[in-house]
Amino acid sequence: MSPFHILPKRRAKNGTPDSPRDDAQSQAASVSPLSIPGAVGSISSHQSRIRSAGRSTLDPIHEPSSQTASAEGNGAPAQSASVSHSASSVSGTTHHESGDDDHVNEAIDEAAQELRARSPAAKPGSKLGKKIGALVGIGQTANGLVSSLETDSIQNAVNGFFESVPVLVRALDEIAKIHPFISVALLAFKAVYTFEMKRSENDSKVIALYVEMKDMMTVLLELKSIKDPSAVDVEGIAVEGRMQGLIKQIAEDIKRCANVCDVWSKMRSLAKVLKAPFWESNFVDLVNLFAQRRADLQFAMSMHAMRGIDGVSDQLKGISRLMEERTNPEQIIYFIQTYVSQEDQHLYKQVTLRGGAAAVLHDQCALEELTAEGAREPSGEHDGASDLRSLQADLRDPAEAANENLPSFERKLEILQRQIVEDTEKIMVRESDRVIESVTSGPHDRILDKDIYTIWKEMGWRGSVKTRHFVLALRDFYHDRVEESKRKEAASDVAYTSDADAWSLEFISMKWLQSISEAFDDDASGFVTIAEANDFTSSRPTNWSLPRWIAYWAVGWQNTATIYKEKIYKIVDSMFALKPCIHPQNRQMVERYLNHTWEQLMFSTMPLEPLTLLDKVQRRFGDYVVSEETRLKRNLETIRYRVDDLTTLSIVTGPGRIEKYLFPLLYLMLQRDLQILKICRHHIVDERELWDCGDNILTVVNACKTRKQSLGETFSHQGWIPQEQFKSKYCRLFELTDDWKEGRKRLYDAKLAHIHYDESSGTAGEEKSDLSALNHPLKEPYRPEVEQYIAKQYVETDEDRMAQSPIKEILGTWYSLLSKRNPPEWPMGPMFTVEIHVAKRGPYELEAVGSMPDSMRGITFTLGGNAETTAHGETYYTLHLSSTFQAYIVELRGKMSKSPTLIEGVWGGVGKEATHTEVGPFVLTRMTPEVLSCRPAPWKFEQNRIRALWRFALSATRQQVLRSTYSWKFFKQRRTARLRYVEFILRERFGPRLSAEDEVEYQGLIRSLSPADARFYASLAEHQLLQTACVHHGYECDNCSCQIRGSRMVCMTCATRSLDTLDLCSDPRCLASTVTPTQRSDLASPHLPTHDIFQLRKTMYMRERQQYDAQVREALRRSHATLDELDAPDSGPNTSSMVNRKLRCLGCEGGVKWPCWYCVECDDDVFLCVACDIKGGITKNQHKETHTLVRCQARMREEPQLSIEQRMEALETRFGTMHDSLYHRLDGLEAQLSRIQELLESAVSRPMLGPGPRSASHPWT
Ligand SMILES: [Zn+2]
Ligand SMILES: [Zn+2]
Ligand SMILES: [Zn+2]
Ligand SMILES: [Zn+2]
């Protein structure tokens, strides 16, 4: 059954197919595809991708649903009421006023006639005859008849939505001039419409809903018949007074509706399919609401019209015309409930295959499968975010999701509304603008600017002209004009008056032809259209002349971008400089931000060709640059710097290509990000904060990628190679946008400024950080959860007290261990505890909350369950644990043993159709944790019950004795256990890998921990990780492939093709190992233990690599110099076991033994022996444990120090020589072959001298 039919709204009869979708699909072929009509003006740029979907002609008559039949739900009856109301009140009142009531009645009759005649449904024999009756108020009640004809008309209305709105809006703008009070709703409507326009892909259900919204707005056109806004109606109220409140309400409704649609539109397809019924009921409510508002409006206006002052006849004609265009809300609801887009069909089938939406939502496996399926489809703006967790975010309750979205949506809408208002105010005539009356003699008549008009007309161009021709003509025009005026001045002998724009002519020249062309030809088609020319001229500041504007695009933009680029790099450098003084608990977040955004940021800004201008020229553009920055800043502030997708981005920037705004936009974003990083020094900031910042920048980068892609396509169409074009066009800006390979190489070669790290962490006197930049509240520092040890008492509830057997037996506190049978693991994870109560929802259900102690930050689960007693009197309990973090359910099913303190059974995950995948046995007991921890594995009991019990008793007693003495030994044991356990938890996540013995020890520790211990220790590990340990995110050991934590060892000798470093963890086994090119495919030759390496106890990212590289090499040179100085003949350095007694280790002060470590950062020579270093570094004197160290090894021979470039070169020559030697060998082979051939030939031509073997043994060389 379709998830869409869960809604019991509409009951179909006469054999409607169960799934209208299948039906629609089968019918799709027979319905001609509805083409999107050609758009007008600015709309033409919009690429609405509404797909037409055929609708069944088998569709039967539907009964009106109970809700929509009420006057509240449906526009039709209310409308009929208003019309009939008008009819009666006309007869009731007008004869007092005018006396020509006959005339009025006539008009109404006429209108009714017309309605009957013109309604498309009123065809002879149509079942809809009744409906017409209802519409004109002949006494029929609502009758939501839906015919196939009408559903097609909805599809038409949906397809034509974007084209029809501008016409309506223009008309309403006229109305608003007479009745300004409607502006509130009109503005909201325009903003919502613009928002939807900016979306790259429109959802048909949303558009259907907007069609109803549009229909409601259409009713306002009727106000045109009320020409006098101050006229009062029968009750003595002016039209504004009657409608004002309603209009305000409508504005709110429009915004609320658009917000719901926004959330829906942003959801991934899978979530839409799964949650459709819930959202559709929301949509249906909205359709009904708009229908209701429409009726309310009509009623309010009809009250007024009844005065009969402004021509009732006119008005009724209007109504009848509108009636025709208008759609029935019933049809829209039907459309919303049944429409499935082409691309969702597949997903929908997949969901049906897995038992429908409800089943899938509770099935982790199915969700994962479907998510993986979804990830394969191109997912537009949801790049890379298609993992299960973000899907689960999408699966929220519609109301909750809409509430969450509302603040940010309102902010975006606010920007749009502001833009609309500003645009209206800006429609002023520039001095050079022409007044366009009508197109009479040619296309040039549509051109706004006088200069361009003259050129266009003189050249006799049609709708468009080759960009090159256009710009050249433009240049000639301005240069000629100057010559002309100079001539005139010379002739008339008038004193030379300098032209204010003379300076700009220098830039309207061949040299800048390319940049000017790009500015006019927005889509890079090679042609300038009239619309493009008009857009260009009218987008300039009002007080700017056209030559000045052209000069800006010739050189001003590039110059401005160059200045911004410098500023951006300064900001980024100061961000990196803050690294050492970031609060430890923000460190991971900050480094992730820097690491993720820096490269992308560089790729999209670095290639820009710089341009500097003379100060006096630069100043000419200043006011525009400042106003643009102010405008962008205000927009960014309005949405609180959250640019979550390309739609939002285009709202912030306004129309036009991304490169226009790229640099100031990034500059403003980074400026705020830096502010947040500064806060990160002293406060603990919510993780989402910088995550969002990084996401903002990636959204901008994505916009560049999209732009590059579309430009590339245009270039290809014109027969050019895109890659070549990008090398000369757009100031080379897009050269690297999506070419990270080349990008990284360039970054590597770029001479980046050194970062001067800010070591003055948290200095006093620092001005109080301004927290206003934050969007989320600050967080409390993370502390280990000591409160785990506070004894908890089980508190009986009222329900618990009244519990009956067998529920009564299981109430109270339990401890549990789970095991895995294959391969055997006892226990699987630390012990956990639950306090079981009777559920609130019924006396036969159980409930509890608990947490898995080993999960980081103690992710909680909820428990539900029940009991059943078999015919043999055995009681089985079934418990379901569902994680609050993931949609994962674990089922425990066990039997109460003879003593009521123990439940044994099996547990597993619950999968598809409640299938149980058994993992192993479990034990649930009321014994103390200390006793339970001594229990042998369940399979020991199966093998030999008596022996297992005996063992159990023995070890439990031993444990009890040890504990009761409170001996030093007991506490020491606990302490060691704690330290080891914390270490193991960390090593499990971030290397070095656990050895086999470690694994055994870890297992033993896990079993011995009480839930409180386990939880507390896990929190200690988390704390340690946050507080002290340095995690090198994204760097794995190339030998054991663990995620590196603490010390990262980087090889200085190995060069890789990918430019990634060769990294090892601190495990001595890894340091002593060889890494072959099979392990690292980008390695030219194996990494050997003799290579020079350095050790990092802080993160190092691509940005910092050059700097580190230089420092480390310098240090290595220094250490060698020191060693050479000390190398007396008695201490030959050629054996690794040699001890240099003249050098002391900073830690143990013993003689230094090879290999040892040498500090890169200290000014003095600091050596550390390996034994002292492996304990985690030393802070002593000037030296800090985070200092970078370089390894000194006994030197076999002096190897020349090579720079990266030289190393790359060496690598390439190696390839070269390999290549060459291969050819040499091939040459040799060929020579050999030809000699064989010669020999054979001579052997054949020679007269046979003897038998074969002789010639065969003939030496060939
Ligand atoms: Zn390793
Ligand atoms: Zn190496
Ligand atoms: Zn030492
Ligand atoms: Zn040092």
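The name an unreviewed UniProt entry assigns to the chain is ZZ-type domain-containing protein, from the organism Rhodofomes roseus.

Colleague: Where do I start with helix H21 (residues 513-520) in this structure?
Modeller: Three- or four-residue spacings in an α-helix give side chains the same orientation, since the helix completes a turn every 3.6 residues. With seven of eight residues buried, H21 lies mostly within the body of the structure. Within H21, burial applies to Leu513, Ser515, Ile516, Ser517, Glu518, Ala519 and Phe520. In the core, the buried residues of H21 are packed alongside helix H19 (450-459), helix H20 (467-492), strand S2 (527-529), helix H22 (530-538) and helix H23 (546-577).

Colleague: Which parts of the structure should I look at to understand the coordination of the zinc ion (ligand 4)?
Modeller: Tetrahedral coordination by four donors puts the ideal angle at the metal at 109.5 degrees, and octahedral coordination by six puts it at 90 or 180 degrees. Protein coordination at the zinc ion (ligand 4) comes from Cys1159 (SG), Cys1162 (SG), His1183 (ND1) and His1187 (ND1), with a distance range of 2.0 to 2.2 Å. Taken together, the four donor atoms coordinating the zinc ion (ligand 4) span angles of 106 to 113 degrees at the metal, a pattern that classifies the geometry as tetrahedral. Mapped onto the polypeptide sequence, the residues donating to the zinc ion (ligand 4) form the spacing pattern C-x2-C-x20-H-x3-H. With a gap of 21 residues between them, Cys1162 in the loop between strand S18 (1156-1159) and strand S19 (1167-1169) and His1183 in the loop between helix H41 (1170-1173) and strand S20 (1189-1192) connect regions that are remote in the sequence. Judged by its relative accessible area of 5%, Cys1162 falls in the buried class.

Colleague: I'm lost on the packing of helix H7 (residues 161-178) against helix H9 (residues 204-218) in this one. Help?
Modeller: One way to put it is that H7 packs onto H9 with a least axis distance of 11 Å and a crossing angle of 20 degrees. Here H7 is positioned roughly parallel relative to H9, judged by the angle of their axes. Crossing of H7 over H9 shows left-handed handedness. In this structure, H7 uses Phe161, Phe162, Ser164, Val165, Leu168 and Leu172 to contact H9, whose residues at the interface are Ile207, Tyr210, Val211, Lys214, Met217 and Thr218.

Colleague: What's the story with helix H38 (residues 1011-1027) in this structure? I'm lost.
Modeller: For H38, with 17 residues, the first-to-last C-alpha span of 24 Å sits near the 24 Å given by 1.5 Å per residue. Most of H38 is tucked away, with 13 of its 17 residues classed as buried.

Colleague: How do you make sense of the side chain of Asp501 when you look at a structure like this?
Modeller: As for its position among the elements, Asp501 is in the loop between H20 and H21. Despite its burial, Asp501 pairs with no opposite charge; the closest candidate is Arg481, at 5.4 Å N-O. Within the local environment of Asp501, its side chain forms a polar contact with the side chain of Ser545, the two groups lying 3.0 Å apart. With sequence-adjacent residues up to four places away left out, Asp501 is seen in contact with Ser545 and Pro547.

Colleague: Before we go on, may I ask you to explain the coordination of the zinc ion (ligand 2) in this structure?
Modeller: Distances from the zinc ion (ligand 2) to its protein donors, namely Cys1051 (SG), Cys1054 (SG), His1087 (ND1) and His1091 (ND1), fall within the range 2.0 to 2.2 Å. In this structure, the zinc ion (ligand 2) is coordinated by four donor atoms arranged in tetrahedral fashion, with angles at the metal of 102 to 116 degrees. Counting the intervening residues between successive donors of the zinc ion (ligand 2) yields the motif C-x2-C-x32-H-x3-H. In terms of burial, His1087 and His1091 fall into one category: buried.

Colleague: Could you clarify how one ought to interpret the packing of helix H27 (residues 662-682) against helix H28 (residues 687-717) in this entry?
Modeller: For any two helices packed against each other, the geometry is given by the interaxial angle and the distance between the axes. Orientation of H27 relative to H28, taken along the N-to-C sense of each, is 165 degrees, at an axis distance of 10 Å. Here H27 is positioned roughly antiparallel relative to H28, judged by the angle of their axes. Judged by the sense of rotation from one axis to the other, the crossing of H27 with H28 is left-handed. Residues Leu662, Leu665, Leu666, Met669, Leu670, Arg672, Asp673, Ile676, Leu677 and Cys680 of H27 pack against Glu689, Leu690, Cys693, Asn696, Ile697, Val700 and Cys704 of H28. Considered class by class, the residues forming the contact of H27 with H28 number 13 nonpolar, one polar and three charged.

Colleague: Before we go on, may I ask you to explain the pattern of salt bridges in this structure?
Modeller: Opposite charge on two side chains allows them to pair when their charged atoms are near. By the definition in use, this model includes 60 salt bridges. Between Lys266 and Asp644 there is a salt bridge; the shortest N-O distance is 3.5 Å. With a gap of 378 residues between them, Lys266 in helix H10 (residues 239-266) and Asp644 in the loop between helix H25 (615-638) and helix H26 (646-653) connect regions that are remote in the sequence. Residue Asp644 is classed as partly exposed on the basis of its relative accessible area, which comes to 26%. Measuring nitrogen to oxygen at the nearest pair gives 3.1 Å for the salt bridge that ties Lys412 to Asp644. Residue Lys412 is located in helix H18 (residues 398-426), and its partner Asp644 is located in the loop between H25 and H26; the two are separated by 232 residues in the primary sequence. In this structure Lys412 comes out as buried when scored by relative accessible area, which is 2%.

Colleague: Honestly, the side chain of Thr878 in this entry has me stumped. Any pointers?
Modeller: With respect to the helices and strands, the residue Thr878 is situated in strand S7 (residues 875-883). For Thr878, a relative accessible area of 8% puts it in the buried group. Of the polar contacts made by the side chain of Thr878, one reaches the side chain of Arg893; its length is 3.2 Å. Not counting residues within four places of it along the chain, the set of residues in contact with Thr878 comprises Gly864, Gly865, Asn866, Glu891, Leu892 and Arg893.

Thresholds, definitions, all that
- Residues numbered from 1 in each chain as written.
- Chains lettered and ligands numbered in written order.
- Predicted model: local features only at pLDDT ≥ 70, side-chain atom pairs only at ≥ 80, totals over all residues.
- Heavy atoms only, no water.
- Buried < 20%, exposed > 50% of the residue type's maximum accessible area, 1.4 Å probe, protein only.
- Helix = DSSP H or I, 4+ residues; strand = E, 2+ residues; numbered from the N terminus.
- Contact = heavy atoms within 4.5 Å.
- Donors = N, O, S within 2.8 Å, 3.2 Å for Na, K, Ca; no water.
- Tetrahedral: all angles 85-135°; square planar, octahedral: opposite > 155°, others 65-115°.
- Axes fitted to C-alpha atoms, helices over the stretch in contact; angles between N-to-C directions.
- Parallel < 35°, antiparallel > 145°, perpendicular 65-115°, else oblique.
- Left-handed = near helix turned anticlockwise from the far one by under 90°.
- Expected span 1.5 Å × (residues − 1).
- Lys, Arg positive; Asp, Glu negative; His and termini not counted.
- Salt bridge = Lys/Arg side-chain N within 4 Å of Asp/Glu carboxyl O.
- Polar contact = N/O pair within 3.5 Å; in protein donor to acceptor, adjacent residues only side chain to side chain.
- Nonpolar A, V, L, I, M, F, W, Y, C, P; charged D, E, K, R; others polar.

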